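Observations on the three-dimensional arrangement
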Amino acid sequence: MGFLKRFFRVRAGVQQLPTGTITVDRNGHIITSTVSSTYPKNFLRDIGRDVLELFSEARAAQMPLAEISLQFGSLHITARELRGGAIIFLFPQTALLPTPTRSRL
Amino acid sequence: MMEKRHKILILDDDTDWLTLCREMLAALPSRPEILTANSGKRALSLLESEPVRLLICDLKMPRIDGLQILAIVRRRYPELRTVVLSGLEDEDFRSRAYALGVDLFWIKMEMQRNSKLFIECLESLLGRDDEPGFRGIQSKSLMDIIQMECLSRSSSVLRITRGPLVSKLWIQDGELIDAEAEGARGEAAFRRILSWKSGTFENLPAEPDHERLIMKPVNALLLETAQDIDEAANPITPESIEQSSHRKSIWKLSLLTREGADFVIAIPPEGMGEPEALGTQLVTPLVQWTRHAAALARRLGERLEAGPVMQVTGQNLERQVLVLEREERLFLVGWPVEATGNLLEKSRKLVASWDS
């Protein structure tokens with residue numbers, strides 16, 4: 001009787017959140033990473049690419065930024081500009097972990 | 001016709017607690033159907049298969065915890081009412097949960113001690129529709145609530161919250177004696193509070209020794225304020241329009257100065273009007289960056305399943321900037337680097353006061 005369930009079972013499909021630090025060069029290539037190797041690499045590349053884009057567009061808008069933070073409901077991303085590349089810190093916002101020390105913003 | 005029974009889902013990793021909650025919620029007058037889940041994954045499966053009206057969720061759980069679940073359900077099921085029931089008495093968790101849009105946050109011990117009130121709150125949440133009005137009393141304006149308090153000759157302090165804005169009204173023996181809102185006191189504060197269209201309020205114990213700053217009878221004040229609101233909403237002549245817009249600009253500039261911000265740009269959705277900027281000439285490139293940053297953050301959040309974007313911030317040696325979203329508009333708030341205090345909270349207040 002459980003045969004059909006194998007095909008039609010409802011999957012919750014919850015994705016793990018990344019924890020750790022990555023550094024990306026000016027082309028968006030990941031140089032170093034302390035994020036779990038099970039976390040999809042393409043997502044890390046997306047994060048790196050998006051962060052570099054935000055830095056470069058801020059420069060184009062005559063507002064060069066040295067640090068950018070993206071605060072989501074359950075993830076905090078802080079990126080510091082590093083000679084055209086960036087170092088990116090990823091903190092999941094969970095009740096199991098202490099709140100990361102916030103900068104003033 | 002058979003009355004519709006709502007479904008409540010309780011999520012907690014402690015099965016004894018689930019049993020206790022199930023028994024307690026059986027006392028709800030509307031007799032909802034109670035579902036339970038002891039893991040986030042199981043709860044998400046149930047939410048996918050059942051039309052649940054209310055989710056009661058613990059915070060501290062193994063694997064996926066309450067905050068992550070709340071971030072996910074807020075995006076997937078925006079209509080779902082959410083209540084956090086936590087053993088953690090931590091202001092930070094409370095504010096993070098409210099920032100995720102939960103309807104109620106209760107401490108477990110407080111819930112056991114005050115179970116009757118908890119049940120009443122849940123019943124109100126189950127029956128609440130998406131109408132404007134003040135939480136707790138359906139479709140009543142703040143004017144109605146104040147009149148009710150004064151007519152019953154009661155003494156209390158009404159604490160009214162609208163997003164990050166908090167105000168207070170002091171009522172003593174049915175008379176309004178003082179108000180406080182956005183740095184103002186007395187009648188000015190009362191007028192500002194009455195312009196709020198929605199929010200939540202709570203009754204605090206009376207403060208009989210509080211200084212009296214409002215001398216006018218409450219009905220006269222209500223009438224005057226209602227007239228002011230009507231006039232502001234229905235400007236009749238071009239002069240009055242100009243006057244009103246001038247008054248608004250002055251008010252916004254004074255807000256900016258009082259808080260110490262460098263600039264604010266309010267950005268409507270594309271094609272829905274012009275951005276409004278105070279304190280900067282560099283409007284077009286900043287508007288473009290802000291729109292792009294918000295869209296990019298939204299996309300990234302969805303891809304990573306990280307929940308809604310709360311804010312985007314940036315800083316350099318001279319300035320700190322903050323992107324916030326409110327009622328479909330984006331706001332870019334700039335602060336000097338030497339600005340102190342909780343800038344996020346200050347920016348939220350600025351943005352919340354912008355149109356009020």
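Look above for the structure.
Residues numbered from 1 in each chain as written. Chains lettered and ligands numbered in written order. Predicted model: local features only at pLDDT ≥ 70, side-chain atom pairs only at ≥ 80, totals over all residues. Heavy atoms only, no water.

Observations concerning the overall build of chain A
- Helices and strands together make up the secondary structure of chain A, namely two helices and five strands.
- The order of helices and strands in chain A, counted from the N terminus, is α-β-β-α-β-β-β.
- Residues classed as buried in chain A amount to 45% of the 105 residues present.
- Looking at chain A alone, contacts between residues at least 24 apart form 38% of all its contacts between residues at least 6 apart. (Helix = DSSP H or I, 4+ residues; strand = E, 2+ residues; numbered from the N terminus. Buried < 20%, exposed > 50% of the residue type's maximum accessible area, 1.4 Å probe, protein only. Contact = heavy atoms within 4.5 Å.)

Details of the sheet that holds strand β13 (residues 276-278) of chain B
- Spatial ordering of the open sheet is given by β2(A)-β1(A)-β5(A)-β4(A)-β3(A)-β14(B)-β15(B)-β16(B)-β12(B)-β13(B), a layout of ten strands whose pairing is antiparallel. Two strands lie at the open edges of the sheet, namely β2 (30-33) of chain A together with β13 of chain B, each paired on one side alone. Pairwise comparison of adjacent strand axes, ignoring direction, gives a mean angle of 15 degrees for this sheet.
- With respect to the sheet, helix α11 (residues 283-304) of chain B is in contact with β3 (67-72) and β4 (75-82) of chain A together with β12 (263-267), β13, β14 (309-315), β15 (319-326) and β16 (329-336) of chain B, its orientation differing from that of β12 of chain B by roughly 65 degrees. (Pairing = 2+ DSSP bridges. Axes fitted to C-alpha atoms, helices over the stretch in contact; angles between N-to-C directions.)

Describing the nonpolar core
- Ile-47, Ile-77 and Ile-88 of chain A together with Trp-289 and Leu-304 of chain B are the most contacted members of the largest nonpolar core, which totals 43 residues.
- The leading source of residues in this core is α11 of chain B, at nine residues. (Core = buried A, V, L, I, M, F, W, Y, C linked by side-chain atoms within 4.5 Å.)

Side note on the environment of Trp-354 of chain B
Residues and elements named next belong to chain B.
- Checked against the element boundaries, Trp-354 lands in the segment after α12 (343-353).
- Taking the C-alpha atoms as reference points, Trp-354 and Val-264, 90 residues apart in sequence, are found 9.6 Å from one another.
- Not counting residues up to four positions away in its chain, the partners in contact with Trp-354 are Lys-252, Val-264, Ala-266, Glu-276, Leu-278, Arg-329 and Phe-331.

What about the pattern of salt bridges?
Residues and elements named next belong to chain A.
- Under the criterion given, the structure shown has 16 salt bridges over all chains.
- Of the charged contacts in the structure, one is a salt bridge between Asp-46 and Arg-49, with a shortest N-O distance of 3.5 Å. With a gap of three residues between them, Asp-46 and Arg-49 both fall in helix α2 (residues 41-60), about one helical turn apart.
- According to the relative accessible area criterion, Asp-46 is buried, its value standing at 13%. (Salt bridge = Lys/Arg side-chain N within 4 Å of Asp/Glu carboxyl O.)

Things to note about the interface of chain B and chain A
- Counting from both sides, the interface comprises 53 residues of chain B and, opposite them, 42 residues of chain A.
- Around 4200 Å² of area is buried between chain B and chain A when both sides are counted, 60% of it from carbon and sulfur atoms.
- For the chain B face of the interface with chain A, the top three residues by lost area are Trp-289, Leu-304 and Gln-315 of chain B, together amounting to 16%.
- Here chain B and chain A share two salt bridges between them.
- Here the side of chain B that touches chain A gets eleven residues from one element, more than from any other, and that element is α11 of chain B.
- Broken down by class, the residue content of the side of chain B that touches chain A amounts to 30 nonpolar, 13 polar and ten charged.
- Pairing between β3 of chain A and β14 of chain B: six bridges, direction antiparallel. In the sheet register, Phe-72 of chain A faces β14 of chain B, and the bridge partner there is Val-309 of chain B. (Buried area = accessible area lost by both parts, 1.4 Å probe. Nonpolar A, V, L, I, M, F, W, Y, C, P; charged D, E, K, R; others polar.)

A few points about the pairing of β16 of chain B
All names here are of chain B.
- A large share of β16 lies buried, amounting to eight of its eight residues.
- Side-chain alternation along β16 places Arg-329, Phe-331, Val-333 and Trp-335 on one buried face and Leu-330, Leu-332, Gly-334 and Pro-336 on a second face that is also buried.
- Where β12 meets β16, five bridges bridge the pair, whose relative direction is antiparallel. Directly across from Ala-266, in β16, lies its bridge partner Phe-331.
- Relative to β16, β15 runs antiparallel, the two sharing eight bridges. Residue pairing in the sheet places Leu-324 in a bridge with Phe-331 of β16.
- Between β15 and β16, which pair antiparallel one after the other, the connecting turn spans two residues, and Glu-327 there sits at a positive phi close to 45 degrees.

Quick look at the packing of helix α2 (residues 40-49) of chain B against helix α3 (residues 66-76) of chain B
Residues and elements named next belong to chain B.
- At a closest axis distance of 11 Å, the pairing of α2 and α3 adopts a crossing angle of 15 degrees. As summarised for this structure, α2 and α3 are arranged roughly parallel, according to the angle between their axes. Read as a crossing pair, α2 and α3 show a hand that is right-handed. Facing Gly-40, Leu-44, Leu-47 and Glu-48 of α2, the residues of α3 in contact are Ile-69, Ile-72, Val-73 and Arg-76.
- Taken together, the residues of the contact of α2 with α3 break down into five nonpolar, one polar and two charged. (Parallel < 35°, antiparallel > 145°, perpendicular 65-115°, else oblique. Left-handed = near helix turned anticlockwise from the far one by under 90°.)

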